[in-house]
Amino acid sequence: MIFFIGSPNIMQASADYEVIAESNVMITLRDGVKLATDIYRPARSGIAVDGRFPVILERTPYGKTRASRSEVDRGETKPRLRAEVASQFVRAGYIVIYQDCRGRHASEGEFVKYLSDGEDGLDTANWIAAQPWCNGKVATMGLSYAAHTQVSLACLAPKALSAMVIDCGGFSNAYQSGIRSGGAFEMKQVTWAFNQAKESPLAQSDVRVREALAAEDLIEWFKHMPWKPGHSPVRWAPEYEDYLFEQWTHGAFSDYWKQLGIYTEGWYQQFADVPQIHMSSWYDAYIQTATDNYVGLKKHKRGPIRLIMGPWTHGDRSKSWSGDVDFGEASTVDGNLAQNWRDLRQRWFDHWVRGVRNGVDLEPAVRLFLMGGGSGRKNAAGRMQHGGRWIVGDDWPLPAVKFTPYYLHAAGGLSEEEPAANSTPISYDYDPSNPVPTIGGPLTSGQPVFEGGAFDQREQERFFGCSNPGIPLAARPDVLVFETPPLTRDVAVAGPITIKLQVSSNCIDTDFTAKLIDVYPPNEDYPRGYAMNLCDGILRCRYRNSWEAPQMMTPGEVYEITIEPFATCNLFKAGHRIRLDISSSNFPRYDLNWNTGEPEGRARTRRIATNTVYVDRARASHVVLPLVALDALQLLPPFSSSGL
């Protein structure tokens, strides 16, 4: 079916072009499955223009005709339809193609999350390149799952692939970031599976399935862990429950995790050598994916390869806030990195695909938003003003970073001074029936159970698992708190964080968690201060020595473990404190460790673990912070629409 974009029939696209679209073109893959594809082309007088054009491709499971929630400019609330986004690129001389992933919406086949997108994308790119209206160049774009599909395709290096803008996705290693982390399972996969099962072809075609899923109360289900296959809220859509438990129960790093689509690290050598932007944000679930892919691909490719890291939650690049914290008007893409998000992509494609000399080749390799420096007071919207600014560099981590250990002390201190030789270890009880609740963080897809972002680490009814509103998490007996004295000068932390703990437990397996926090002193708006979360991580102790070969602990034996939270970039102002919280749960961000050593996703029993952290000089637990001298920071020049 052919239709026109505009009202009533045709929208004038430029002095020369209109936009014409052909809907539900069915592209046949190597296994005979057909994928529904919409093609937007330049036209005149309602007829597609003859000639060959470069193509921009986006493959999505969320509906090729629907609005993408992140296609908004700063200050807007209504997202643009994909057809409207396509029209801007068509006006600039591109053909734009949106495609429904296998088993989703109008496409045929069975949906298998992540694992079919490489070959499906390759077949699609080859089909596009063979069309008489394509000039042989295919660029890709897309957020989240549409970033995963891009990277899966690029692992197979199709000849036509010419440039990429990869936004918040493209698993470097899903075992360590995106599906699992530190051996634990990321519960966003659970909420995503449940929510997307409602959109499955089965649910759309069978009213009983649709009504059964609608009747499930996911929040109540999260109160009743662990689940069993066939007895979960996702059971009404078996293909979704099947892949969910498949991910959940593959605890060790086996060949399962090295499959195309979830392990880009294994394809760095053959990955397409094309101009590419890797983008994420400090409260997104794909921080490590973006930084690891940037570092890994830069070693093997000519590039150019760029890294952009903002302060937003997942895909919210046109908002100045994340959670309850505002970073100021300088924090958005709009007006700072480009006129808007569409313009940033178009300028990248114009230069590297069409040869337009617009200056993007002169832009810094790394652009990072350094959070912090704000007043700490409430703005008109009721958000804490943390502030920040864009900085730039030639590489990641920034060459000026100095990795500096800060030691945990028995009395709750955190400093560069080594602990006393005879410091007493600190023990606490971790009860999986009463886990530490998740209050923000680098999260996505958690609705209606949890949300990402920056928040005061104080219990509120809005957060799952909080039963003591107003009480800080630091007051819990199962949270160990270590913090510096009030800083006498500003301290910039920018890069990956590593925590080395000396620990023991009375159980054969347990978890340890860590959270880095910027602690504000009290002010008139926040008389109790404000403990703002920056980043957090986890380590499941059975994987302390090897991801491939889990090994249970010997109760009472002391082990060194490493926790690697996602990176961050923050200015701790003078008068603030740097704080590190240690515990054994962060639920529902991560699944619960039942302390029994049972296989993941199959536990049926539970124990309370008494866990111990050692803080003496011989067993000096510490966090390694990436410090950057303030005079070494390079600020991003103001954006100019005319280029650099």
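Check the entry above for the structure.
Now for a quick tour of the structure. Fair warning: this is a prediction, and the values are worked out from it, not measured in the lab.

1. A closer look at the overall build of the protein
Next up, step 1: Along the protein, the regular secondary structure elements total 10 helices and 31 strands.
Next up, step 2: Relative to the compact-globule value of 26 Å for 644 residues, the protein shows a C-alpha radius of gyration of 25 Å, a close match.
Next up, step 3: Each of the three principal axes of the protein carries a C-alpha extent, and together these read 80 × 55 × 45 Å.
Next up, step 4: Of the roughly 23500 Å² of accessible surface on the protein, 49% is carried by carbon and sulfur atoms.

2. Remarks on the side chain of Gln131
Next up, step 1: Looking at where Gln131 falls in the secondary structure, it is placed in the loop between helix H2 (117–129) and strand E7 (134–143).
Next up, step 2: Within the local environment of Gln131, its side chain forms a polar contact with the backbone oxygen of Trp127, the two atoms lying 2.8 Å apart.

3. Quick look at the environment of Lys299
Next up, step 1: By the secondary structure assignment, Lys299 is in helix H9 (residues 287–300).
Next up, step 2: Residues Lys299 and Ala252, 47 residues apart in the sequence, show an inter-C-alpha distance of 28 Å.

4. A closer look at the packing of H2 against helix H3 (residues 145–155)
Next up, step 1: With their axes 8 Å apart at the nearest point, H2 and H3 run at an angle of 75 degrees to one another. Between H2 and H3, the interaxial angle falls into the category roughly perpendicular. Facing H2, whose interface residues are Asp117, Gly118, Gly121, Leu122 and Ala125, H3 presents Tyr145, Thr149, Ser152 and Leu153.
Next up, step 2: Of the residues in the contact of H2 with H3, the class split is four nonpolar, four polar and one charged.

5. Considering the nonpolar core
Next up, step 1: Counting 165 residues, the largest nonpolar core has Phe222, Trp282, Phe349, Phe512 and Ile582 as the members making the most contacts within it.
Next up, step 2: Judged by nonpolar contacts, the second largest core, of 17 residues, contains Leu122, Ile128, Trp133 and Val138.

6. Quick look at the pattern of salt bridges
Next up, step 1: Summed over the entire model, instances satisfying the criterion amount to 39 salt bridges.
Next up, step 2: With its nearest N and O atoms 3.5 Å apart, the salt bridge here joins Asp273 to Arg302. With Asp273 in the loop between helix H8 (238–249) and strand E11 (276–283) and Arg302 in the loop between H9 and strand E12 (305–313), this pair connects stretches of sequence that are 29 residues apart.
Next up, step 3: The partner of Arg476 in a salt bridge is Asp478, with the nearest N and O atoms 2.9 Å apart. As far as the burial class goes, Arg476 and Asp478 line up, both buried.
Next up, step 4: Through salt bridges that share partners, Arg180, Asp509, Asp511, Arg540, Arg542, Asp591 and Glu600 make up one connected network.

7. Description of the sheet that holds strand E16 (residues 384–385)
Whenever strands of a sheet pair, they do so through backbone hydrogen bonds, lying parallel or antiparallel.
Next up, step 1: Across the sheet, three strands lie side by side as E13-E14-E16; this open sheet has mixed pairing. Two strands close off the open sheet at either side, each with one partner strand: strand E13 (321–322) and E16.

8. Describing the pairing of strand E3 (residues 34–44)
Next up, step 1: Burial within E3 is extensive, with nine of its 11 residues counted as buried.
Next up, step 2: Across nine bridges, the pairing between strand E2 (residues 18–28) and E3 is antiparallel. In the sheet register, Val25 faces E3, and the bridge partner there is Thr37.
Next up, step 3: Hairpin geometry of E2 and E3 is characterised by an intervening segment of five residues between the two adjacent antiparallel strands and by a positive phi of about 90 degrees at Gly32.
Next up, step 4: Note: E3 against strand E6 (residues 95–100), four bridges, orientation antiparallel. Counterpart to Asp38 in the pairing with E6 is Tyr98.
Next up, step 5: Pairing of E3 with strand E4 (residues 47–48), which is carried by two bridges, proceeds in the antiparallel orientation.

9. Side note on the sheet that holds strand E24 (residues 511–520)
Next up, step 1: Overall, antiparallel pairing links the four strands, which are arranged E21-E28-E24-E25 in an open sheet. Looking along the sheet, the strands with just one partner apiece sit at the ends: strand E21 (480–483) and strand E25 (530–540). When the angles between neighbouring strand axes are averaged without regard to direction, this sheet yields 20 degrees.
Next up, step 2: One ladder, built from 10 bridges, connects E24 with E25; its direction is antiparallel. Bridging from a neighbouring strand, Asp511 pairs with Arg540 of E25.

10. Quick notes on helix H4 (residues 188–197)
Next up, step 1: Within H4, nine of the 10 residues are buried, which leaves it mostly tucked inside the rest of the structure.
Next up, step 2: If you check which residues of H4 are buried, you get Lys188, Gln189, Val190, Thr191, Trp192, Ala193, Phe194, Gln196 and Ala197.

11. Focus: the pairing of strand E20 (residues 426–430)
Next up, step 1: Judged by which residues are buried, E20 turns out to be one-sided: Ile426, Tyr428 and Tyr430 face inward and are buried, whereas Ser427 and Asp429, on the alternate face, are not.
Next up, step 2: In the sheet, E20 pairs with strand E29 (residues 609–614) via five bridges, with the strands oriented antiparallel. Of the residues in E29, the one forming a bridge with Tyr428 is Asn611.

12. Things to note about the packing of aromatic side chains
Next up, step 1: Applying the stated rule across the entire model yields 37 aromatic pairs.
Next up, step 2: Where Tyr114 meets Tyr145, the ring centres are 5.4 Å apart and the plane angle is 20 degrees; that geometry is what we call stacked. With Tyr114 in the loop between E6 and H2 and Tyr145 in helix H3, this pair connects stretches of sequence that are 31 residues apart.
Next up, step 3: A relative accessible area of 3% places Tyr114 in the buried class.
Next up, step 4: Members of the aromatic cluster, connected to one another through ring pairs, are Tyr62, Phe111, Tyr114, Tyr145, Phe171, Trp192, Tyr240, Tyr243 and Tyr286.
Next up, step 5: Taking NZ or CZ as reference, Arg383 lies 3.9 Å from the ring centre of Trp321, over its face.
Next up, step 6: Of note, Arg544 hangs over the ring of Tyr559, and the distance from its end group to the ring centre comes to 4.2 Å.

13. Looking at unusual backbone geometry
Next up, step 1: At the junction of Met225 and Pro226, the peptide bond is cis and its omega measures out at 0 degrees in the coordinates.
Next up, step 2: By secondary structure assignment, the location of Pro226 is in the loop between helix H7 (218–222) and H8.
Next up, step 3: Of note, the amide linkage connecting Gly303 to Pro304 takes the cis form, showing an omega dihedral of 5 degrees.
Next up, step 4: Among the structural elements, Pro304 can be located in the loop between H9 and E12.
Next up, step 5: Positive phi outside glycine occurs at Ser45, with the angle close to 55 degrees.
Next up, step 6: Tracing the backbone through its elements, the reader meets Ser45 in the loop between E3 and E4.

Definitions and limits used
Per chain, the residues get numbers from 1 upward, laid out in the order the sequence is written. Side-chain atom pairs in this predicted model are given and counted only at pLDDT of 80 or more, local residue features only at pLDDT of at least 70, and totals for whole chains, interfaces and linings cover all residues. As a convention, hydrogens and water are excluded, and side-chain values are obtained from all of the structure's heavy atoms. Working definition: helices are DSSP H or I runs of at least four residues, strands are E runs of at least two. Numbering for both runs from the N terminus. Radius of gyration: C-alpha atoms only; globule rule: 2.2 Å multiplied by the number of residues to the exponent 0.38. In this description, accessible areas are obtained by the Shrake-Rupley approach with a 1.4 Å probe, and a residue is regarded as covered only by the protein chains that are shown. Under the rule applied, a polar contact is a pair of N or O atoms within 3.5 Å (in protein, one hydrogen donor and one hydrogen acceptor; residues adjacent in sequence only if both atoms are side-chain atoms). Lines are fitted to the C-alpha atoms to define the axes, a helix being fitted only along its stretch in contact, and any angle between axes, read from their N-to-C directions, falls within 0 to 180 degrees. In this scheme, roughly parallel covers angles under 35 degrees and roughly antiparallel covers those over 145, while 65 to 115 is roughly perpendicular and the rest are oblique. Here, two residues are considered to be in contact whenever any of their heavy atoms come within 4.5 Å of each other. Each residue is assigned to one of three groups, with Ala, Val, Leu, Ile, Met, Phe, Trp, Tyr, Cys and Pro labelled nonpolar, Asp, Glu, Lys and Arg labelled charged, and all others, Gly among them, labelled polar. Working definition of a nonpolar core: buried Ala, Val, Leu, Ile, Met, Phe, Trp, Tyr and Cys residues. They are joined through side-chain atoms within 4.5 Å. Burial status follows relative accessibility: with a 1.4 Å probe on protein chains alone, a residue under 20% of its type maximum counts as buried, one over 50% as exposed, and anything between as partly exposed. Any Lys or Arg side-chain nitrogen located within 4 Å of an Asp or Glu carboxyl oxygen qualifies as a salt bridge. Strand pairing requires that DSSP identify at least two bridges connecting the strands. Pairing of aromatic rings covers Phe, Tyr and Trp, the last through its six-membered ring, and needs centres within 6.5 Å; plane angles under 30 degrees mean stacked, over 60 mean edge-to-face, and all others mean tilted. Placement of a positive charge over a ring is assigned whenever Lys NZ or Arg CZ falls within 6 Å of the ring centre and within 35 degrees of the normal to the ring plane.

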